[in-house]
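Residues per chain, in single letters:
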Protein chains: 2
Amino acid sequence: VCEIVVNYLENIGDRPVVSTVSPGYLRKLLPSSAPQTGESWSDIQADIETKIMPGITHWQHPSFFAFFPCPNSYPSILGELYSAALPGAFFNWICSPAVTELETIVLDWLAKAIGLPECYLSTGPTRGGGVIAGTASESVVVTMVAARDKYLRETVDQSLEGEEREEAMITNRCRLVALASSMAHSGTKKAAKIIGVRYREIPVRAEDSYAMTGASVRKVVEECRAKGLEPFYLTTTLGTTDTCAVDDFADIAATLAEIAPAEKPGEIWVHLDAAFAGSALLLPTIQAQIGMDTLAKFHSFDMNMHKWLVTNFDASTLWVRDRSWLVSALSSHMHVYENEGTAGGLVTDYRDWQIPLGRRFRSLKIWFVLRSYGIKGLQEYIQRGIDMGVMFANMLKSRADLFEIVTGPSFALTVFRVAAKNPSSTKELALDQRNALTRKVCEAINSSGKMWVTSTMLDARFAIRLQTAVAATEEKHVKDAFALIISATEEVLKGEVNGVVHE
Amino acid sequence: VCEIVVNYLENIGDRPVVSTVSPGYLRKLLPSSAPQTGESWSDIQADIETKIMPGITHWQHPSFFAFFPCPNSYPSILGELYSAALPGAFFNWICSPAVTELETIVLDWLAKAIGLPECYLSTGPTRGGGVIAGTASESVVVTMVAARDKYLRETVDQSLEGEEREEAMITNRCRLVALASSMAHSGTKKAAKIIGVRYREIPVRAEDSYAMTGASVRKVVEECRAKGLEPFYLTTTLGTTDTCAVDDFADIAATLAEIAPAEKPGEIWVHLDAAFAGSALLLPTIQAQIGMDTLAKFHSFDMNMHKWLVTNFDASTLWVRDRSWLVSALSSHMHVYENEGTAGGLVTDYRDWQIPLGRRFRSLKIWFVLRSYGIKGLQEYIQRGIDMGVMFANMLKSRADLFEIVTGPSFALTVFRVAAKNPSSTKELALDQRNALTRKVCEAINSSGKMWVTSTMLDARFAIRLQTAVAATEEKHVKDAFALIISATEEVLKGEVNGVVHE
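Definitions and cut-offs
Residues numbered from 1 in each chain as written. Chains lettered and ligands numbered in written order. Predicted model: local features only at pLDDT ≥ 70, side-chain atom pairs only at ≥ 80, totals over all residues. Heavy atoms only, no water. Contact = heavy atoms within 4.5 Å. Buried area = accessible area lost by both parts, 1.4 Å probe. Salt bridge = Lys/Arg side-chain N within 4 Å of Asp/Glu carboxyl O. Polar contact = N/O pair within 3.5 Å; in protein donor to acceptor, adjacent residues only side chain to side chain. Nonpolar A, V, L, I, M, F, W, Y, C, P; charged D, E, K, R; others polar. Helix = DSSP H or I, 4+ residues; strand = E, 2+ residues; numbered from the N terminus. Expected span 1.5 Å × (residues − 1). Buried < 20%, exposed > 50% of the residue type's maximum accessible area, 1.4 Å probe, protein only. Pairing = 2+ DSSP bridges. Axes fitted to C-alpha atoms, helices over the stretch in contact; angles between N-to-C directions. Disulfide = S-S within 2.5 Å.

> It is not clear to me how the interface of chain B and chain A should be interpreted in this structure. Could you clarify?
Many analyses report the size of an interface as the accessible area lost when the parts associate. Each partner contributes residues to the interface: chain B has 138 residues there, and chain A has 137 residues. When chain B packs against chain A, the two sides together hide about 11,600 Å² of surface, and 64% of this comes from carbon and sulfur. Contact with chain A buries surface across chain B, with Tyr-82, Lys-190 and Arg-371 of chain B losing the most and accounting together for 6% of the total. Our count for the chain B to chain A interface comes out at 14 salt bridges. Our count for the contact surface shared by chain B and chain A stands at 72 residue pairs in polar contact (both at pLDDT 80 or more). Partitioned by chemical class, the residues of the side of chain B that touches chain A number 73 nonpolar, 38 polar and 27 charged.

> It is not clear to me how helix 4 (residues 97–113) of chain B should be interpreted in this structure. Could you clarify?
Residues lying three or four places apart along an α-helix face the same way, a consequence of the helix completing one turn every 3.6 residues. Residue and element names in this part refer to chain B. For helix 4, spanning 17 residues, the distance from its first C-alpha to its last is 24 Å, which sits close to the expected 24 Å at 1.5 Å a residue. Of all 17 residues making up helix 4, 16 are buried, and the element is well covered by its neighbours. Where helix 4 ends, the next residue or the one after it, Gly-115, has phi of about 75°, a positive value.

> Just to check I follow, could you spell out the sheet that holds strand 5 (residues 269–273) of chain B for this structure?
Within a sheet, adjacent strands bond to each other through the backbone by hydrogen bonds, running parallel or antiparallel. Residues and elements named next belong to chain B. In spatial order, the strands read 1-7-6-5-4-2-3; together these 7 strands make up an open sheet with mixed pairing. Each end of this open sheet is capped by a strand with a single partner; those strands are strand 1 (129–133) and strand 3 (198–202). The average angle at which neighbouring strand axes cross in this sheet is 20°, direction not considered. On top of the sheet, helix 9 (residues 249–259) reaches strand 4 (230–237) and strand 5; it is set at about 165° to strand 4, its chief contact.

> Any chance you could explain the state of the cysteines here in plain terms?
Put plainly, two cysteines are in a disulfide when a covalent bond ties their sulfur atoms together. Counted according to the given criterion, the structure contains 0 disulfides over all chains. For the unlinked cysteine Cys-2 of chain B, the closest cysteine sulfur is that of Cys-2 of chain A, found at 3.1 Å. Relative accessible area serves as the criterion here: at 33%, Cys-2 of chain B is assigned to the partly exposed category. The structure places no disulfide on Cys-224 of chain B, whose sulfur is separated from the nearest cysteine sulfur, that of Cys-174 of chain B, by 15 Å. On the basis of relative accessibility, which here comes to 4%, the residue Cys-224 of chain B falls in the buried class.

> Explain the sheet that holds strand 8 (residues 403–410) of chain A here, please?
All names here are of chain A. The 4 strands are arranged 8-9-11-10 in an open sheet whose pairing can be described as antiparallel. If you trace the sheet from one side to the other, it starts and ends with strand 8 and strand 10 (454–458), each paired once. Direction aside, neighbouring strands of the sheet carry axes that sit 30° apart on average. As paired elements, strand 8 and strand 9 (residues 413–418) share 5 bridges and run antiparallel to each other. Counterpart to Ile-405 in the pairing with strand 9 is Phe-416. Strand contacts of helix 14 (residues 363–398): strand 8, strand 9 and strand 11 (461–467), with the helix running at about 165° to strand 8, the strand carrying the most contacts. This element, helix 15 (residues 431–447), spans strand 8, strand 9, strand 10 and strand 11 of the sheet and lies at about 30° to strand 11.

Pasting the structure below:
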């Protein structure tokens, strides 16, 4: 089986990137019930290539330029294999001390490597620490629940007790608002829905490169307060989904210090969602650009190792400045959870840092990856993805007759669309026409089956996203992709001249 | 590596069950930062046996009688291995059609195998269907959010729009109450905390074998309503954590038909948490005992294949009677999620059935397990675990001089304590003394290192829980365990006669 996995990964480039099956293809191929008696492994295994593989979109393919990557690596796969050999519910330290302790240690390692301020370390002065969540969305839910509880603890009359206190908490809860920029990941809006608080979007502008600013935060906070609502949580982003924009952290921190100072009860919890681009903080140059000191004023930081750092999904690494914020919001008790270690307060019980009770042994793969590559190895790998993004953007610039860059290159992601003028024509294209042409180009590229890109819509401008951060992607794949994009574009523009393309 | 995994699992009985390390053991063994340059795999691998294994509690050990099991199996491990080779974010159908379609199919297979009413099938008349969640706790959050939205949709004035509607929803939300029995898993109380609704416990009684009854539900619902609160969600349990009790589903359904009829807006959503014992529904005898028809009146059903059905954590299988309940509460939108399949409504996008956006390819391991064992193979395996539980209970009964069974055997779980009288004495033991003695016995058993049991507290009675459902457990291990329990008990009672043991 290990050989099959190696063969698959080493020859993945020979497969079409995106599955071309039709909806419902698999039901036609499988029986309608489970077999009564067991089948041999060889029969089962044969079905993987014939029935499953046609329905797989290959995220490890070197010409996968869509979304963000979702990598693996041999050390990470081995981590999953060992984890599968050693399952347990692991809600308590005693359920397997190594599972908890390795998690705390490798999250300290990673926090140091990406330059997080000391307050996020488990050994830091504010009793912070990290935990492995499934996804960035779960980290938003968890921190938003903690933020809500912290806010209400600070603002509800401390003298109330029992049902009176419950009543006051619930009344105040009705006024709470979670905030995020209009470019933030959908996870914040969904988290607000889940935990039952209001949600308001903070507009961002093209002239700010789609980054959220202090002024835009101030405006929305003031609007909310004027209506009697109370903002308590703000998601900021390092590397937004659409364009990899970076919010203006220093400006936002300075604004919040004025309008919701930490010294007063009811400060606004700031979460930093660095799901994809957080991995780039391994590079000192990026740390310097971001200004890591500002993060000490925020409350939580999350990145997905499973988006860039060659670690299997799921490995979303979340740090908080004070772990008691999570524990006091999420702890639960049953007699069966009791044990000496917990009672003595000497150990971490990660069940109180997350939504689920049980958990997998996910720190193993992180440990294997960090040790196998070393920090330098990972830095080189991340830099390579960024450099290929710059190379791709330069190729686009060299054909300014055909393309316009809308944003980037930013962390290996470039967003572009067809140029304002069709080179074989003198008139400027209307927005609708340009959108229709760019969409046609996008479809033509993808229908080749040789590469995959996804698209976005920015201020009503349809644009193509292309990221060069997949581990298997090399310069030659980016060059091949660009050649394909040119020929597709030329083909589409030829059609346009002949009057074929209209929105 | 595969060989190491096989060796580990085949010889697991030679290891101590529970780790005996002290808190903080691992930090002393590892460097304080990740290495700068990569290390060889052989160096890394060597650390697993020397540094990780001492901190592992072996859940696959044949003498692991604690909590509930958390099994694996070779087909399941292979499923995890393939899944690790094929990672992706899989939030959409097009992200890999096979991932979505296999999940729908194997959940239909499993629903049929455990006798769920047709309404829970993806092909059923009410457009139900199944989804793989991480844990039973997550399934409770997801269904509670769906239930809240459904309830508010039905009860809030339909003519309101925009902020007025938001206001009305929020006002009504303040009155909502989630319910579960005092023996339900802590996940329901935690979910209520997370989603921000009130929580009330429904008392259960020893004379009902700790099962929740219709009368107890009615009483609490009426109390809530008398205070202006509105119960909207009820967790019922098949196999409670402490004693594997089974709530009286038919009685509860009949009561709810009176006090919260489905025909009227604002019915109470009933979730059935069968996390551990749901696997036993593979046996037709158990299905008949439960009366599966009643489940058609409930709204959702969840069981953890990772608790009994030889499938690696995590594999919590959740079914709903109408999938639109989940989608309308949890759907989110970004331009990058768009694709033809989704737009055409032909496909399932499982991101809208769960908290996270991305997901792993978890249906593979379920497919491998169902096919490798076959339904009959799994039935025999489940029956064996139950039979060993009966055998153990009979052994306890044969030594009524030493032990009293508090509950069970129920689904492989028996709960017991020391007998009311010390055999070498004539006086009855006081509750405190009996608790102290039982606790001593529990500690003595576990300190042997040869087996592991956990305990519970039932109406102030301390008792030992012992389950016989671990895949590697055979009759001989149960007999050895009983011999050890007897000698530990005799030792403790001897101490008691000498006046050593007091609470």
